[in-house]
Structures are given as structure tokens and as C-alpha cells.
Amino acid sequence: MFRKGFRVLSGVMAGGLVGGVTTQAWADQRPDISIPCPRCRRKRRVAVYGGAFDPVTNGHLSCAAEIVHSGIADEVLMVPCGPRPDKPKMHTKATDRYVMLQIAVNTSFSPGFPVKVSDIEIYEPKALATYDMLSSLRLQHPGVDFMFVVGSDWLQSGQDLRQWTSREGKTGDKLVSEFDFLIIKRPGYDLPPALDTFGPRFSVLSLPHGMNYVDSNVSSTEIRKRVAVSEQVREFMAGNHLTSADGLVPTGVLAYIQRQGLYKPQKSS
């Protein structure tokens, strides 16, 4: 039991030790994270990690884990998008992508590790705009501060989140002023020199104590391609394994892909 008045922060008790140093010393190294006094209360911070997850890969899971390890969020909420009529090549149903994500999270992380999956978009007729999705989460959970995870590829020249639209019309200004944004560095996409040109609440993911971000660049596109190739090889060789994708996605996800017949090459008529 924790003593009354203390809270859990990244798996340790505030006021105790983090990686062998006092919490205060750890906080001094992380000015982006505030640790209130034991009697103070703050809202729980949840990082919303959205995407198609078609399928979820070990790279997605690594990113979610590193957000938790950074201490900037108390929890990561992975949100598979709803149907995307604007992407006719995305054939995988939202329910399948949601199930694969649940399998991945529940078999890759320990029971108490704060990464969860949301079904907020699964039964929508189409994917929600980012502002609509975050506003819905905020309405459902008023005691939570939500931040949205974006890659540095979203912050390149010519891109402006303020132009994004939602059910209300153009709500990009409201989006960047009402919610925090957590930037993940992507290979080949340098960070802009001035983040405040995109909005007032942008910060870059960093890890404490000189730890380096562990990145896996495996993409869903690559997995779909490998599954299709492996399926063709399996038909000729009478094998039963999707070997070229092994180790790049959780084993349970591979099993689900094979059982459901997902990502098979399209046969020409």
C-alpha cells in the first residue's frame, strides 16, 4: 500500500526514487514535467496515439512504450481510426484493426503497463476528425488532460494544422490551442527550427537520464507487402508460416492475420 498523499508517477511513488535518484532530482532533469506537492491534485495526462494500425507493428508498440518511459504521460491511449473512404486501398475493417491492436497490447505489455486501446472510432461510419475525436474524449473524461501524438513528418514546410477541419468546419485554431501535441522524431524529417509557428502547445518527446529513444521503423505498408509475398510462397511451398513478417509484429497478430486471411494478394479477374 502507498502512503496516503502520494501518487504513482511512471510506476514509482512520487517522493521516492526514479532510476536510483530522488524524484526531485529526476524532476530537475525534466523541466517539462511538473510534480506537485503530495496534497496537490493534477489531472491525469493521457497521450492519444491515433493511426490506421493496418496492421499494428512492433514499431507502434515501441513508440507507445517510450512515451510511457519518458514520464510525460501517465497513460497512452492507442486509437485505431474508423473507416477511411478517402483511402480506397485500405480494405481492412476497423473491427479487425481494433482486435489486432488489442491482441498486440495485451500480449506485449505487462498487465499494469499503462497502454490501452480505444474503440471510440470503430463503429463510426467514417474516421473522426482529430478535433472531434479529442473533444469527445475530453467530454467523456473531464478529469483527464489529453495530448495528441504526431510525427515530425506532420510538421514540414507547407503543412499547417490550423487548416484542419472537423464537423464544425475549420477548427484547426481551436485544435492547436485547446490540446497539447507530443512530437515523435521520424527518420528523414527534421524538426522545424521554431515549433511555436505550428501552435503554442507543441513539445518534443525526450527521455530522462540520457536514455536514447528506441525506434523501430517497420511500417504497416511493409508488413502488408511481406504478408502478401509470404502467402504466395506458402501456396507454392505448402507451408503454414508467414515467416517474412515474423519478429516485426506480435505473434498473436500474425496468427490473427493468417486465420482471418488478411492482406492476401488481390487476384486479378
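Thresholds applied
- The residue numbering used here restarts from 1 in each chain and proceeds along that chain's sequence as written.
- Per-residue local features are limited, in this predicted model, to residues with pLDDT of at least 70; the limit for side-chain atom pairs, both in listing and counting, is 80 or more; totals at the level of whole chains, interfaces and linings are taken over all residues.
- Calculated side-chain values reflect all of the structure's heavy atoms, with hydrogen atoms and water omitted.
- Put simply, a salt bridge is a Lys or Arg side-chain nitrogen that is within 4 Å of an Asp or Glu carboxyl oxygen.
- Each helix corresponds to a stretch of at least 4 residues labelled H or I by DSSP, and each strand to a stretch of at least 2 residues labelled E; elements are numbered beginning at the N terminus.
- Burial here depends on accessible area, computed with a 1.4 Å probe over protein chains only, as a share of the maximum for the residue type. Under 20% is buried, over 50% is exposed, and the range in between is partly exposed.
- Taken from the helix axis, the directions to the C-beta atoms give the arc we talk about.
- Note on ring pairs: Phe, Tyr and Trp rings are taken, using the six-membered ring of Trp, and paired if centres are within 6.5 Å. Classes follow the plane angle, with under 30 degrees stacked, over 60 edge-to-face and the rest tilted.
- By nonpolar core we mean a set of buried residues, namely Ala, Val, Leu, Ile, Met, Phe, Trp, Tyr and Cys, connected to one another through side-chain atoms within 4.5 Å.
- Where helices are involved, their axes are fitted lines through C-alpha atoms of the stretch in contact, as for all axes, and angles between N-to-C directions lie from 0 to 180°.
- Angle categories are assigned with fixed cut-offs, so that under 35 degrees is roughly parallel, over 145 is roughly antiparallel, 65 to 115 is roughly perpendicular, and the rest are oblique.
- Left-handed is the label given to a crossing in which the near helix is rotated counterclockwise from the far helix by less than a right angle, and right-handed is the label when the rotation is clockwise.
- Here, residues are in contact when the closest pair of their heavy atoms is within 4.5 Å.

Engineer: Looking at this model, I keep getting lost on the pattern of salt bridges. Mind explaining?
Structural biologist: Under the criterion given, the structure shown has 14 salt bridges. Here Glu-75 and Lys-116 are joined by a salt bridge, their closest N and O atoms 3.6 Å apart. Taken as a pair, Glu-75 in strand β6 (residues 75–80) and Lys-116 in strand β7 (residues 115–117) lie far apart in primary sequence, 41 residues in all. Residue classification places Glu-75 among the buried positions, given a relative accessible area of 10%. As a salt-bridge pair, Arg-226 and Glu-222 come within 2.9 Å of each other at their nearest N and O atoms. Of this pair, Arg-226 and Glu-222 both sit in helix α6 (residues 220–237), separated by 4 residues, roughly a single helical turn. Residue classification places Glu-222 among the partly exposed residues on the basis of a relative accessible area of 23%.

Engineer: Just to check I follow, could you spell out helix α7 (residues 251–260) for this structure?
Structural biologist: Val-253, Leu-254, Tyr-256 and Ile-257 are the residues of α7 that are buried. Each buried residue of α7 lies within a common arc of 160 degrees when the element is viewed along its axis, so the set occupies one face. In α7, the exposed positions angled more than 90 degrees off the buried face are occupied by Thr-251 and Arg-259. Phi for Gly-261, located one or two positions after α7, is positive at around 70 degrees.

Engineer: Just to check I follow, could you spell out the packing of aromatic side chains for this structure?
Structural biologist: Aromatic ring pairs are defined here through the distance separating the ring centres and the angle between the ring planes. This model, assessed by the stated rule, comprises 7 aromatic pairs. Between Tyr-49 and Phe-53, the ring centres sit 5.5 Å apart and the planes meet at 80 degrees, which makes this aromatic pair edge-to-face. Note on Tyr-49: relative accessible area 5%, which makes it buried. Among the residues examined, Phe-53 registers a relative accessible area of 3% and is labelled buried. Relative to Trp-154, the ring of Phe-148 has its centre 6.1 Å away and its plane inclined at 50 degrees; by these criteria the two rings are tilted. By relative accessible area, which is 4% here, Phe-148 ends up buried. Taken together through their ring pairs, the aromatic side chains of Phe-148, Trp-154, Trp-164, Phe-181 and Phe-202 make up a single cluster.

Engineer: I tried to follow unusual backbone geometry on my own but got confused; where do I start?
Structural biologist: Peptide bonds are mostly trans, and most non-glycine residues show a negative phi. That bond from Asp-54 to Pro-55 is cis: its omega, 0 degrees, falls within 30 degrees of zero. Of note in this structure, Phe-53 is not a glycine but carries a positive phi near 50 degrees. Checked against the element boundaries, Phe-53 lands in the loop between β5 (44–51) and α2 (58–70). Positive phi outside glycine occurs at Tyr-263, with the angle close to 65 degrees. With respect to the helices and strands, the residue Tyr-263 is situated in the segment after α7.

Engineer: Just to check I follow, could you spell out the nonpolar core for this structure?
Structural biologist: A general tendency of soluble globular proteins is for nonpolar side chains to be buried together. Membership of the largest hydrophobic core comes to 41 residues, with the highest contact counts inside it found for Tyr-49, Val-56, Ile-67, Val-76, Met-78, Met-100 and Val-115. Formed by 24 residues, the second largest nonpolar core is a distinct cluster that contains Phe-146, Leu-155, Val-176 and Leu-195.

Engineer: Which parts of the structure should I look at to understand the packing of helix α3 (residues 94–108) against α7?
Structural biologist: The angle between the axes and the distance between the axes are what describe a pair of packed helices. Interhelical geometry of α3 versus α7 gives an angle of 150 degrees and a closest axis separation of 8 Å. Put simply, α3 runs roughly antiparallel to α7. Handedness of the crossing formed by α3 with α7: right-handed. Here Asp-96, Val-99, Met-100, Ile-103 and Ala-104 of α3 come into contact with α7, specifically with Gly-252, Val-253, Tyr-256 and Ile-257.

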